[in-house]
Structure formats: C-alpha cells, structure tokens
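Structure at a glance
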Amino acid sequence: MPDSVELKSTIHLPQTDFPMKANLPEREPRILEWWDGIEVYRRVREARAGRPPYVLHDGPPYANGNIHLGHAFNKILKDVVVKSRSMLGFDAPYVPGWDCHGLPIEHQVDKKLGGKRAGMTPLAIRQACREYALRFVTVQSEEFRRLGVFWDRALDRREQAEDAASRRAIYRTLDRTYEAEIVRRLGGFFAGGAVYHGEKPVHWCPVDVTALAEAEVEYEERTDPSIYVRMPVHGASTRRPALAGKKVAALIWTTTPWTMPANLAVALHPDETYVAVEVADGWTYLVAEGLLDAVAAKLGWGTQEVVDRFRGREFADPSVTYARPYPLDGAPGIFVLGEHVTLDAGTGLVHTAPGHGADDFNIGRRYGLPAFNPVDDHGRFIAERVGPAWLAGVPVLKANPRIIEDLDTRGLLALHENVTHSYPHCWRCKSPVLFRATPQWFVSMDGTGLRAAALRAIAETSWMPPHGEARIAGMIENRPDWCISRQRTWGVPIPAVVCAPCLKEDGNAFLRDPAFFAHVADLFAREGSDAWFGMEGRPYASQEERLARLVPESVACPRCGGREGLRFHEHIVDVWFESGCSHRAVLAPWMDDGALRWPADLYLEGHDQYRGWFHSSLLVSAQETGRAPYQAVVTHGFTLDGEGRKMSKSMGNVISPLEVCGARGADILRLWVSMVDYAEDMRLSQEILDRNAEAYRKIRNTFRYLLGNLADFNPDTDRIDLSRQDEIDRYALHRLEELRGRLIAAYRDHAYHVVYHALHQFCGVTLSSFYLDVLKDRLYTYPRASRGRRSAQTVLHRLAVDLCRLMAPVLAFTAEEIWQELEALAGRPRFGTRSVHAETFPEAVVPEVDPALLARWDRLAGIREEVARALEGARRARTLGSSLEARVTVRGDADTLAFLRSFEPGLRFLFITSGVDLAEGPALEVDVTRAPGTKCERCWSITEDVGADPDLPGTCARCAAHVREILTEAR
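Residues numbered from 1 in each chain as written. Predicted model: local features only at pLDDT ≥ 70, side-chain atom pairs only at ≥ 80, totals over all residues. Heavy atoms only, no water.

1. Thoughts on the overall build of the chain
The condition that has to hold: Helix numbering and strand numbering both begin at the N terminus, where a helix is a DSSP run of H or I of at least 4 residues and a strand a DSSP run of E of at least 2. What the globule rule says is 2.2 Å times the number of residues to the power 0.38, and the radius of gyration is computed from C-alpha atoms. Residue burial is assigned from relative accessible area. The probe radius is 1.4 Å, only protein chains are included, and a residue is buried under 20% of its type maximum, exposed over 50%, and partly exposed in between. Contact criterion: two residues are considered in contact whenever any of their non-hydrogen atoms come within 4.5 Å of each other. To measure how exposed things are, a 1.4 Å probe is used in the Shrake-Rupley method; for residues, cover is taken only from the protein chains shown. Here the positive residues are Lys and Arg and the negative ones are Asp and Glu; neither His nor the chain ends is included. Every charge is mapped to an atom, namely NZ of Lys, CZ of Arg, CG of Asp or CD of Glu.
A count of helical and extended segments in the chain gives 29 helices and 33 strands. Relative to its length of 971 residues, the chain is extended, with a C-alpha radius of gyration of 38 Å against a globular reference of 30 Å. Seen through its principal axes, the chain has C-alpha atoms that stretch 125 × 75 × 45 Å. The 971 residues of the chain split such that 58% are buried. Contacts in the chain between residues far apart in sequence, at least 24 positions, make up 77% of those at least 6 positions apart. Accessible surface, the chain as shown: approximately 39,000 Å² in total, 49% of it carbon and sulfur. Here the chain carries 118 positive and 131 negative side-chain charges, and the mean point of each set is 2 Å from the other.

What follows is the structure, given as structure tokens:
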C-alpha cells in the first residue's frame with residue numbers, strides 16, 4: 001500500500017468525446033459532407049444487395065420555390081420509412097422526383113417575363129419555364145439534403161448538367177424519357193377508345209385562362225348575391241286544369257345571377273310533391289311543398305292559398321314552357337326532370353344552364369339541350385352570344401348587379417339578398433373560378449370500364465388510415481369524366497390530331513392509331529416534347545413540315561382515310577395525368593433488376609392526394625393493367641401553427657424548416673415528425689420546438705452517459721455472459737428486448753409516434769431515472785475489471801449499440817455521431833467508411849422476455865418511487881440534503897418485507913441511501929432519518945465503518961477493499 005493514495009484517481013468517472021451540447025447546426029453539415037464523401041446511399045444499397053426489395057415511390061412536389069414545412073414533413077417521413085425498411089433488412093431504393101410542368105411554374109415565369117411574353121414564341125417561353133424548373137430542382141434537392149434525406153447524390157451530381165437518357169438518381173417530369181412515357185400512356189387511352197373530344201362544363205380560371213383539375217380547386221368563403229326569380233309559365237293549364245286563368249310563375253333560386261343568360265330549363269324532381277300557391281301579389285308560384293314554409297317566410301308572402309298539388313313528373317311536359325329571362329333566340333325554356341334536385345335549400349325548382357354546371361349538363365344532354373356558354377376564356381360575356389347589348393364584354397362577376405337590377409326593373413325579381421358560401425377558387429392565383437363549357441379532351445370513366453377497374457383496384461389496396469379507402473372510392477364513384485386538356489404552353493402536349501372536315505360530322509375523327517403515338521413517343525424520347533412545337537430550336541416553317549415530321553405517312557384520318565384535313569390541337573396534358581404516369585416512367589423500366597419493382601410497395605403523401613396523385617396514378621394504372629400502381633397507401637395531415645391555424649406569411653406564423661435547421665438542427669425537426677400522430681393535422685410552434693429540444697437533450701445525455709462509462713470497455717474481451725450478470729443488468733436487457741420488439745413493430749406499421757414516445761420513455765424513465773441511477777456506484781467505485789462493473793458495462797454497450805440503431809431512422813445525424821463514437825471504442829477510426837445507416841436493426845437481446853423478472857423489478861421500482869418521494873419531502877423540509885445522508889425505514893406487510901429482503905444486502909444501493917431498515921406495518925410507508933456514522937470520502941455513503949482500514953482512514957470498509965483491488969490491478 002502506498003504511503004498516500006489519491007482517492008479521486010480510484011474513481012472511474014465517465015470519459016467521452018461525445019459532447020453534452022449538441023451544436024447540431026454546425027455538426028450536421030459536417031456529417032452531410034462526410035456522407036457525400038463516402039457515398040452513404042450506395043453503401044446502404046450495397047449492404048442490402050440481394051435482399052427483398054421495398055419500394056416507396058416518391059410523389060413529385062412542384063419545382064417551384066423553396067421548400068416549406070409541409071414539404072419538409074413529407075420528405076422526412078418518407079426518409080424515416082426508407083431508412084427503417086433498409087434497417088429491417090430490405091433493399092429500399094429511393095428516387096425522389098419533381099413535377100416540372102404546368103401552371104404553377106408557368107405562372108411564376110409569366111410574372112417574371114411581364115410584357116415580354118407577348119412577343120415570344122412557344123419554344124422561347126418553354127425554355128424560360130425549363131430553366132426556372134431546373135433551378136428549383138437544384139435548390140430543393142439541396143434543402144432536402146439538409147434534412148438528412150438520402151438518395152444517390154453521387155449519380156445525381158453527375159446527371160445534373162445533362163438530360164440523361166435514363167435517370168435513376170432522381171426523376172423529373174421534364175426529362176425526355178418521362179415525357180415519352182406520358183405520350184405512350186396517352187396513346188393507350190386514345191387507342192383503347194377511352195378519350196373523346198367534347199364541349200362540357202369544366203372548372204375554368206379566367207385569370208390563368210385554362211381549365212383546372214378538381215385537385216387544383218380550393219373552396220373559400222365568399223359573399224355573393226342570392227336571388228329568387230319569377231319565371232312566367234305558359235301552358236300550365238294543359239297539364240294542370242286548376243291553374244287555368246292564373247298568372248303562374250316557376251320560382252327559382254340561385255347564387256350565380258350571371259348564369260341567367262345561359263338558362264335553358266327549370267328542373268324538378270320527378271317524385272317530389274310540388275304546390276301551386278296563390279299569393280297576394282297576384283302570382284301563383286310553383287314551389288316544392290317541403291320548402292313552402294321556408295320560402296313563404298323568406299319572401300314575406302303572408303296569406304297564401306294552395307290551389308294545386310302534384311308530383312314533378314305530372315307537370316313536366318313539352319306543352320308547358322316558361323319565359324327565359326334572356327333568350328338569345330326568343331325560344332322559351334322547358335321543364336325537365338332530374339334526380340339531382342334536392343330540398344336542402346332554394347325552392348325545389350332548379351335554374352338549369354347546361355353550359356355552366358355538371359348536373360345541368362347531364363340533364364341537358366338527356367333532353368337534347370346544347371351546352372350553351374355565352375362567356376369567353378377571360379370570363380367576359382360574348383356579344384354575339386348574349387341577348388342584352390349592355391352585357392357584352394362585361395366580366396361575369398361584375399355583371400351580377402346589372403342583371404339583378406334588370407330583373408327587378410322587369411318585375412322578375414322576387415328577392416335579393418347576400419349570402420356567404422363556399423365557392424371554388426383557383427389554387428394558384430386565388431381568383432374565383434367559373435364553371436363553363438369549353439371544347440376539351442376527356443377520358444371516359446365508364447365507356448371502357450375505367451371506373452369499375454379503379455374501384456376493384458382500390459379494394460385490393462391497403463389504406464392507412466383505413467377510412468382512406470372509402471374516401472377515394474367515393475371520389476371515383478362520383479367523379480365525372482376526366483378533363484385531361486389544359487390551355488397553356490408549358491407542359492407535355494396532347495398528341496391530338498383531328499381531321500377538321502370530318503370532325504364536323506363525326507366527333508371521333510381524330511388519330512387513335514398506336515403507330516402515331518409510338519412515333520411521337522420515340523421523337524420525344526430523343527428530343528423532348530419541344531419537338532411538338534418546332535425543330536432545331538425554331539418553330540416549324542409550315543403546317544406541311546410539321547405534319548411530315550410528327551405524323552407518319554402511314555397514318556391518316558380514321559374516317560375519310562386522307563391526310564389533307566389533319567390539324568393539330570394545341571393543348572397540354574393535365575399535370576395530374578403527367579404525375580400519374582410516374583409509376584410507369586420511374587419504376588417499370590427497371591423492373592427486371594428487382595429493385596425499383598412495379599407496383600410500388602408504398603405511396604405516402606398528404607390526404608389531399610386522394611383527389612390528386614393517388615387518384616390520377618390509380619386511373620392511369622387501372623386503364624393499362626386493371627390494378628393500382630401501389631400495394632399500400634399511407635396519408636398524413638397538414639402542418640399548422642401552434643393554435644391550429646394554416647401557416648401564412650400574412651399572418652406571420654410561418655415556420656421555415658431551413659430556419660429550424662439553422663437555429664436548432666434538422667434532428668429537432670425530425671424528432672417532431674416522429675412525435676406527432678401524422679394521421680391528423682400536425683401543429684408546430686416555437687414552444688413545441690422548445691419541448692422537442694428538451695426531449696432531444698434527454699435522449700442525447702442518456703447516450704453521453706452510456707458512452708462515458710465505456711471508455712475502458714472492450715466488447716470483444718470484457719463482455720460478461722448473461723448468466724453471470726447481476727440481476728438488475730439482466731432486467732435492463734429484458735426491458736431493452738421489450739423495447740426492441742415494440743419499436744420494430746412500430747416501424748413495420750408506420751406508427752412512428754410510437755417510436756418516439758417509447759424511446760423517450762425508455763431513456764428518461766427506465767434508464768435515467770432508474771437503471772443508470774442505480775448503476776452509478778458500481779460503475780464509479782468498483783474495481784475497473786471487476787465482474788460487477790464489467791456486467792454493467794456489457795449492458796451499457798448493448799444499450800448504446802442497439803438504441804443507436806433503433807433510433808437511426810429518426811435521429812439520423814445524432815445516431816451517426818453516436819455510432820462513430822462506438823466505432824472509436826471498437827478501435828476503428830471515427831468517420832472512416834462505416835455508417836450506422838448501413839446497419840440493420842438489432843437481433844434479439846435475450847432468447848425471450850422473462851415476465852416474472854420484469855414484474856419483480858417493476859415492483860421494486862414502484863417501491864423505490866415511494867422512497868424517493870419520502871426523501872424529496874425530507875429535502876424540502878431541509879432535514880437532509882443528499883439522499884446519501886439518509887437512512888430509511890420501509891414498513892410493509894409480510895409479503896412486501898419478504899420481497900424486499902430478497903434484494904438484501906443491496907437495498908441501500910438501489911434506493912441510493914446510506915442504510916435501509918425493514919419493519920412490519922399495515923401498508924407501505926417510508927420513514928426518513930439521518931444516517932449515523934461518518935461520510936466516506938470516496939463513495940460519500942455515511943457508515944459506521946469509515947476508518948476501519950488504517951491505511952485508508954477516510955474510506956468505508958467496502959471502498960477500502962475496492963481501492964486495494966484497484967491498486968493491485970494497477971501493478
């Protein structure tokens with residue numbers, strides 16, 4: 001024994017280079033550079049080579065501006081899926097995509113070009129759009145990289161400067177191979193007879209001058225005029241003698257007065273009961289009986305008399321007509337029957353303008369009425385199509401007050417008031433949209449069985465949440481024919497060639513020859529879709545040059561067999577059709593290698609995509625294959641602020657994901673993504689981020705403690721077998737196994753909030769508050785190589801390794817940082833070539849979980865909590881400071897005492913006190929007194945054997961023995 005021993009040198013305090021302060025904004029970019037340097041995505045894929053594939057197919061965001069919080073949430077969630085599936089042992093490729101065509105991008109370019117656009121050719125405009133889209137593909141890809149999202153960036157970088165013949169790092173809808181695939185799919189629809197050209201009402205934006213898809217329409221509150229109009233009836237007595245000699249009027253209600261010039265009919269429900277009501281103003285009104293009281297009160301009729309009662313079908317007849325308010329040709333309106341008429345509001349008689357409504361169009365077609373539309377592309381009345389000259393050139397919404405005034409002057413207005421209602425708006429320019437009939441290309445939902453095929457495919461797909469199945473099935477069941485044409489410049493043109501003379505006689509006089517579409521697809525694959533507009537960078541010199549290049553000589557009009565009348569239709573395809581082709585453009589060409597297989601295992605997007613990408617992808621796939629392009633669909637909600645409001649710059653409540661990365665780190669954002677139940681809308685605020693940062697700190701500090709106590713541990717030589725471990729160590733491993741099973745199941749089920757909460761609970765409660773707290777004495781004071789200390793270190797190492805891998809899909813950066821510390825402990829270089837993301841989830845920790853062992857220690861943990869509460873009470877009363885100043889007496893019944901004695905003599909170390917006494921009592925009680933004796937200078941316990949060893953007078957007998965053993969080790 002040396003003459004003097006420095007007791008501090010015999011304490012094994014934690015030692016680690018893993019810092020307590022994360023400093024993620026600086027540390028994460030360095031990890032990103034390292035990942036790029038070792039090509040981490042390729043290393044992960046190589047590690048899974050030959051394993052079963054799992055394909056999450058990425059839905060393409062618009063290449064339009066910087067990413068927002070919704071983008072970040074979606075991409076992080078997908079990255080968690082891909083990383084976790086890889087760690088589950090699958091080969092999980094990820095090919096991110098971008099939607100590069102369509103109105104959002106052209107809209108931004110138009111604003112930038114301003115007046116210059118008018119003098120530019122379509123090719124020049126398209127080039128400006130292409131440059132804009134490509135710039136933001138690069139911008140957004142860097143922003144997604146900052147979030148820790150993996151894809152083959154090495155291949156991506158090599159392809160950035162060129163439009164490669166085939167791309168596997170990323171996909172862009174403007175790539176030549178992608179555009180060619182769109183044409184092939186269009187060709188399938190045309191050749192199969194599913195496409196027709198017709199004039200029917202569609203959502204139309206008069207600002208952007210184009211038809212809109214349902215997914216491009218947002219409904220916002222708007223205040224509009226609500227009017228009740230008298231339509232004088234002629235010939236009513238021919239059907240209803242009781243009305244002879246009466247001044248009869250059909251009473252209609254509408255919130256779109258501007259559609260009155262397009263009125264052609266009034267619809268009644270065939271089976272509803274209607275009444276003729278004579279009112280003091282001299283009119284006899286036709287109203288649905290179920291709405292009579294409400295209408296009478298609204299119009300203030302007072303005294304009224306029902307003079308006739310009849311079913312709708314008993315009244316509608318060609319012999320009964322009414323005076324249309326604005327008949328262009330003087331023709332009267334007719335009464336028609338329609339199942340769409342309801343008694344929810346209005347009068348039960350529905351103003352019908354077949355050129356301005358889907359139900360109106362359908363009922364008009366049944367009765368041979370034209371889809372009359374007196375409104376031009378810019379939303380103004382056409383002089384030649386509208387009766388009153390004072391309406392010519394007037395924007396329709398500005399025409400409302402003029403029409404109302406005119407109806408009132410002519411004695412046709414029964415009531416005018418304002419009503420606030422939900423009205424469709426363009427999702428891009430936010431302007432109100434119109435429903436107007438225009439010549440468009442449509443895909444028939446029923447003509448070739450597309451609707452039925454899509455519904456069967458929905459039933460064969462797994463939906464999460466489950467109600468998603470009913471939601472999209474309802475949309476498919478009720479959706480009208482698909483309008484696939486748009487009136488813009490930037491996009492893939494529909495290869496629509498009609499025979500102009502024949503089209504007047506036959507609506508099917510357009511090219512459907514597969515050879516034509518194959519020719520155009522091959523041309524687009526070589527040159528891109530600009531080939532439709534010109535060649536060698538210039539527009540076509542003539543119609544003949546264009547025809548010769550785009551239409552093979554063997555292809556002619558299917559009606560007359562000639563080519564002289566062939567003309568090109570200048571429409572681009574709906575961008576939803578484009579993105580709906582992604583499964584064919586991205587997955588199918590590489591089916592043979594088994595990685596990017598078709599159909600995809602998973603589509604994952606926001607729940608708005610039930611009417612968007614999920615929907616269009618389903619229809620494109622069902623038309624060709626009869627099944628969905630996905631085996632499962634997972635949807636998530638929208639991102640909101642802390643109060644549940646939509647984020648907007650005007651409200652000042654926007655949280656930028658990049659600013660969060662710059663201030664706190666991407667892992668804080670990734671932790672939030674894993675924390676929320678994404679099936680609902682997700683809230684985020686600075687306060688929520690603060691809580692996330694605190695949760696992250698606790699998890700990080702847990703790992704810092706684990707790593708700090710492994711500095712002298714070699715897992716190859718120092719590991720202790722399970723059979724020789726202390727019971728509490730085996731308990732910790734059983735708890736780890738329980739957690740492992742729960743987390744792996746959660747990853748499989750996409751229940752990522754379970755991953756977060758279980759991990760946070762395990763680190764904060766099972767480990768920090770119990771196991772690691774109890775372990776400190778053994779780790780710090782036992783001889784370095786003692787069985788007890790090595791037993792604890794064996795478990796700490798297993799905890800560090802397994803928890804690191806289990807959390808890696810979520811805390812991608814921090815897990816990598818921890819893994820590199822573990823690499824160093826194993827004698828390998830930090831940030832060498834090995835990444836945690838190339839690992840798999842841990843194998844079973846123990847052969848099977850022992851419920852009896854868990855129950856035994858859980859019971860002890862509960863008693864320990866009671867002891868801790870009593871000690872805290874003593875501290876608040878200032879009767880003692882540290883728990884090691886205390887000696888506690890635990891009272892309980894015989895069973896409790898027998899249970900506690902089974903842990904002797906270690907109870908005082910489990911409770912972290914200097915002594916424990918057990919005494920009988922009716923219930924569990926804990927008394928706290930000050931421990932007798934002297935404080936050990938080494939372990940700080942207060943005992944009565946301090947000084948028993950004359951060579952170590954300041955230590956207790958236990959520490960003295962440990963010190964002697966430590967000194968022997970050192971020699």
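Structure's up, so let's keep going.
2. A few points about the nonpolar core
Convention followed: What is meant by a nonpolar core is a set of buried Ala, Val, Leu, Ile, Met, Phe, Trp, Tyr and Cys residues, joined one to another through side-chain atoms within 4.5 Å.
In this structure, Val551, Phe577, Trp672, Tyr771, Leu799 and Phe911 are the most contacted members of the largest nonpolar core, which totals 234 residues. Considering every element that reaches this core, the biggest residue donor is helix α23 (residues 752-781), with 15 residues. What Leu799 contacts, discounting residues up to four positions off in sequence, is Leu706, Leu736, Phe762, Leu767, Tyr771 and Cys804. Counting residues in hydrophobic clusters, the runner-up holds 66 residues, among them Val233, Ala249, Leu268 and Trp301.

3. Observations concerning the layout of surface pockets
Condition: With a 1 Å grid spanning the protein atoms alone, the term cavity applies to any set of points in which a 1.4 Å probe fits but cannot get out, the term pocket to an open set with protein on both sides within 12 Å along at least five of seven lines, and the term lining residue to any residue with an atom within 4 Å of a point. Grid points are joined across faces, edges and corners, and a volume is the space filled by probe spheres set on the points. Three residue categories are used. Nonpolar comprises Ala, Val, Leu, Ile, Met, Phe, Trp, Tyr, Cys and Pro, charged comprises Asp, Glu, Lys and Arg, and polar comprises the others, including Gly.
Estimated volume of the second largest pocket: approximately 1,100 Å³. Lining the second largest pocket are 32 residues, with Thr255, Thr256, Val350, His356 and Asp360 positioned closest to its centre. Elements represented by at least two residues in the lining of the second largest pocket include exactly β7 (248-254), β14 (350-352), α9 (358-366), β15 (413-426) and β16 (434-443). It is β15 that contributes the most residues to the lining of the second largest pocket, four residues altogether. Of the residues belonging to the lining of the second largest pocket, the class tally is 13 nonpolar, 15 polar and four charged.

4. Describing the sheet that holds strand β5 (residues 210-211)
Note the threshold: One requirement defines pairing of two strands: DSSP has to find at least two bridges between them.
Within the open sheet, the four strands sit side by side as β5-β4-β16-β18. Their pairing is antiparallel. Each edge of the open sheet is held by one strand with a lone partner, namely β5 and β18 (482-483). Here strand β4 (residues 195-205) runs beside β5; their pairing, made up of two bridges, is antiparallel. From the neighbouring strand, Trp204 faces β5, where its bridge partner is Ala211.

5. Re the pattern of salt bridges
The criterion, for reference: Salt bridge criterion: a side-chain nitrogen from Lys or Arg within 4 Å of a carboxyl oxygen from Asp or Glu.
Evaluated as defined, the whole model comprises 83 salt bridges. The partner of Arg784 in a salt bridge is Asp712, with the nearest N and O atoms 2.9 Å apart. Note that Arg784 is positioned in the loop between α23 and α24 (787-807) and Asp712 in the loop between α21 (686-708) and α22 (727-748), a separation of 72 residues in sequence. Asp951 is the partner of Arg964 in a salt bridge, and the nearest nitrogen-oxygen pair spans 2.8 Å.

6. A short note on the packing of aromatic side chains
Here is the rule: When the centres of two rings from Phe, Tyr and Trp lie within 6.5 Å, Trp using its six-membered ring, the rings pair. Their planes under 30 degrees apart give stacked, over 60 give edge-to-face, and anything left gives tilted.
Scanning all chains against the criterion turns up 38 aromatic pairs. Taken together, a centroid distance of 5.5 Å and an interplanar angle of 65° make the contact between Phe189 and Phe577 edge-to-face. You can see Phe189 sitting in helix α7 (residues 176-191) and its partner Phe577 sitting in helix α16 (residues 575-580), a full 388 residues away along the chain. When sorted by exposure, Phe189 lands in the same class as Phe577, which is buried. Ring centres of Tyr326 and Trp390 lie 6.3 Å apart, and the angle between their planes is 80°; on these two criteria the pair is classed as edge-to-face. Taken together, the residues Tyr326 in the loop between β12 (321-322) and β13 (333-337) and Trp390 in the loop between α9 and α10 (396-409) connect sequence positions 64 residues apart. Taking the relative accessible area as the measure of exposure, Trp390 reaches 34% and is therefore partly exposed.

7. Focus on the environment of Tyr603
Along the chain, the position of Tyr603 falls in strand β25 (residues 602-606). Taking the C-alpha atoms as reference points, Tyr603 and Ala632, 29 residues apart in sequence, are found 6.5 Å from one another. Setting aside anything within four residues of it in sequence, one finds Tyr603 in contact with His57, His583, Trp613, Phe614, Ser617, Pro629, Tyr630, Ala632, Val633 and Val634.

8. Here's the deal with empty space enclosed by the protein
All told, the structure shown has four cavities of 30 Å³ or more when counted by the stated rule. A volume near 140 Å³ is recorded for the largest cavity. Residue lining of the largest cavity: 15 residues in total, with Trp35, Asp36, Val40, Trp151 and Arg153 positioned closest to the centre. Within the residue set of the lining of the largest cavity, elements represented by two or more residues are α1 (24-38), α2 (40-47) and α6 (153-159). Among the residues making up the lining of the largest cavity, the classes are represented as eight nonpolar, no polar and seven charged. Space inside the second largest cavity adds up to approximately 110 Å³. Forming the walls of the second largest cavity are Tyr41, Val44, Arg45, Asp79, Val82, Lys83, Ser86, Met87, Ala92, Phe150 and His837. Of all elements in the fold, only α2 and α3 (69-87) reach the threshold of two or more residues within the lining of the second largest cavity. Per element, the largest residue contribution to the lining of the second largest cavity is five residues, and it comes from α3. Tallied by class, the residues present in the lining of the second largest cavity amount to six nonpolar, two polar and three charged.

9. As for the sheet that holds β25
Which entries qualify depends on this criterion: Angles here are taken between N-to-C directions and fall from 0 to 180 degrees, while the axes themselves are lines fitted to C-alpha atoms, restricted in helices to the stretch in contact.
With parallel pairing, four strands are arranged side by side in an open sheet as β1-β25-β26-β17. Strands with a single pairing partner mark the edges of an open sheet, and in this sheet they are β1 (56-57) and β17 (462-464). Bridging between β1 and β25 involves two bridges; their strand directions are parallel. Each residue of the ladder has a partner; that of His57, found in β25, is Tyr603. Along the sheet, α3 contacts β1, β25 and β26 (632-636); its crossing angle with β25, the most-contacted strand, is approximately 155°.

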